[in-house]
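Coordinate inspection notes
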Amino acid sequence: MTTSDPFPPASRGLPIPPPPRWAVGAAHVVAWSTVPSGVWRVALVLGVPVGVMEREEFLVAFPHNSVLIALTYVLLIGAVAEATSYLTLGLVRPWGEVVPRWIPVLGGRPVDHRIAVLTASLGAVSVTFLWWVLLFGGLLTSPSPDPGISAGEALFVAAYAPLLLWGPLLAAVTWSYHRRHKTRP
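Residues numbered from 1 in each chain as written. Predicted model: local features only at pLDDT ≥ 70, side-chain atom pairs only at ≥ 80, totals over all residues. Heavy atoms only, no water.

A separate point is helix α2 (residues 35–46). The end-to-end C-alpha distance of α2, which contains 12 residues, comes to 16 Å, matching closely the 16 Å that a straight helix rising 1.5 Å per residue would cover. Among the residues of α2, Ser-37, Gly-38, Trp-40, Arg-41, Ala-43, Leu-44 and Val-45 are the ones counted as buried. Taken together, the buried residues of α2 touch α3 (55–59), α4 (67–86), α6 (151–160) and α7 (163–182). Directly after α2, the chain includes Gly-47, whose backbone phi takes a positive value near 95 degrees. (Helix = DSSP H or I, 4+ residues; strand = E, 2+ residues; numbered from the N terminus. Expected span 1.5 Å × (residues − 1). Buried < 20%, exposed > 50% of the residue type's maximum accessible area, 1.4 Å probe, protein only. Contact = heavy atoms within 4.5 Å.)

Structure below.
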């Protein structure tokens, strides 16, 4: 009869093996994967020609074609994407093992690796679905009057293509984190 250990190595005071170099690299790629699309969106709102749509086309979706509301919306989306992708670093950094002391109430407590793995796994599935199926699936299946690709479309794809890495790499880093917490030194 085998039973699983209810207490992870971190809670017993045993050291957790360091993350493999590939996982650290993958976590950094995830953290940076949202930057190009954020820059593209900000450029669009500020009126920089991005080739796929004009600023005025984008602003029509906001009350009174408000640049301020559009910029707030774009910055908020970028901040949420950056913050969530940045959390991947917690899977390869010490703050993914013990909550930093400066965080109220939870500071200094060990991170329950099961919650971290569950949350990261759900995130990996969500962003993989979001970017692979909804965005790029729609782009690949939409009818195009011109079989070629314009410079603006190439810029758009270059800005958003790194998001395709987010879900699969987050899943890989999550698996590494899970394995490190299940391994006894």
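The topology assignment puts Ser-33 in helix α1 (residues 21–33). A residue is classified by how much of its surface remains accessible, and Ser-33, at 3% relative accessible area, is buried. Within the local environment of Ser-33, its side chain forms a polar contact with the backbone oxygen of Val-30, the two atoms lying 2.8 Å apart. Excluding its chain neighbours within four sequence positions, the residues that come into contact with Ser-33 are Pro-162, Leu-163 and Trp-166. (Polar contact = N/O pair within 3.5 Å; in protein donor to acceptor, adjacent residues only side chain to side chain.)

Attention now goes to the pattern of salt bridges. In total, this model carries 2 salt bridges according to the counting rule given. Between Arg-114 and Asp-112 there is a salt bridge; the shortest N-O distance is 3.1 Å. (Salt bridge = Lys/Arg side-chain N within 4 Å of Asp/Glu carboxyl O.)

The relative placement of two packed helices comes down to the angle between their axes together with the axis-to-axis distance. For the pair α2 and α6, the least separation of the axes is 6 Å and the interaxial angle reads 135 degrees. In this view, α2 runs oblique relative to α6, as classed from their interaxial angle. Contacts between α2 and α6 pair Pro-36, Ser-37, Trp-40 and Arg-41 from the former with Leu-155, Phe-156, Ala-159 and Tyr-160 from the latter. Counted by class, the contact of α2 with α6 contains 6 nonpolar, 1 polar and 1 charged residues. (Axes fitted to C-alpha atoms, helices over the stretch in contact; angles between N-to-C directions. Parallel < 35°, antiparallel > 145°, perpendicular 65-115°, else oblique. Nonpolar A, V, L, I, M, F, W, Y, C, P; charged D, E, K, R; others polar.)

Moving on, we get to the nonpolar core. Counting residues in each nonpolar core, the largest one holds 34 residues, and the members touching the most others are Trp-40, Phe-58, Trp-131, Tyr-160 and Trp-166. Going through the elements one at a time, α1, α2, α3, α4, α5 (113–141), α6 and α7 are the ones with two or more residues in this core. With sequence-adjacent residues up to four places away left out, Trp-40 is seen in contact with Val-50, Val-52, Leu-155, Phe-156, Ala-159 and Tyr-160. (Core = buried A, V, L, I, M, F, W, Y, C linked by side-chain atoms within 4.5 Å.)

This brings us to the environment of Ala-83. The residue Ala-83 is located in helix α4 in this model. Exposure remark for Ala-83: the relative accessible area of 41% places this residue in the partly exposed category. Linking Ala-83 and Thr-34, residues 49 residues apart in sequence, is a C-alpha distance of 9.5 Å.

Here the protein chain averages 83 in pLDDT, while 84% of its residues score no lower than 70. Averaged pLDDT values for the elements of the protein chain fall to 76 in α3 and rise to 97 in α1. Low pLDDT, under 50, characterises residues 1–11; the stretch is placed with 11 contacts to residues that sit more than four places away or in other chains. (pLDDT = per-residue confidence, 0-100.)

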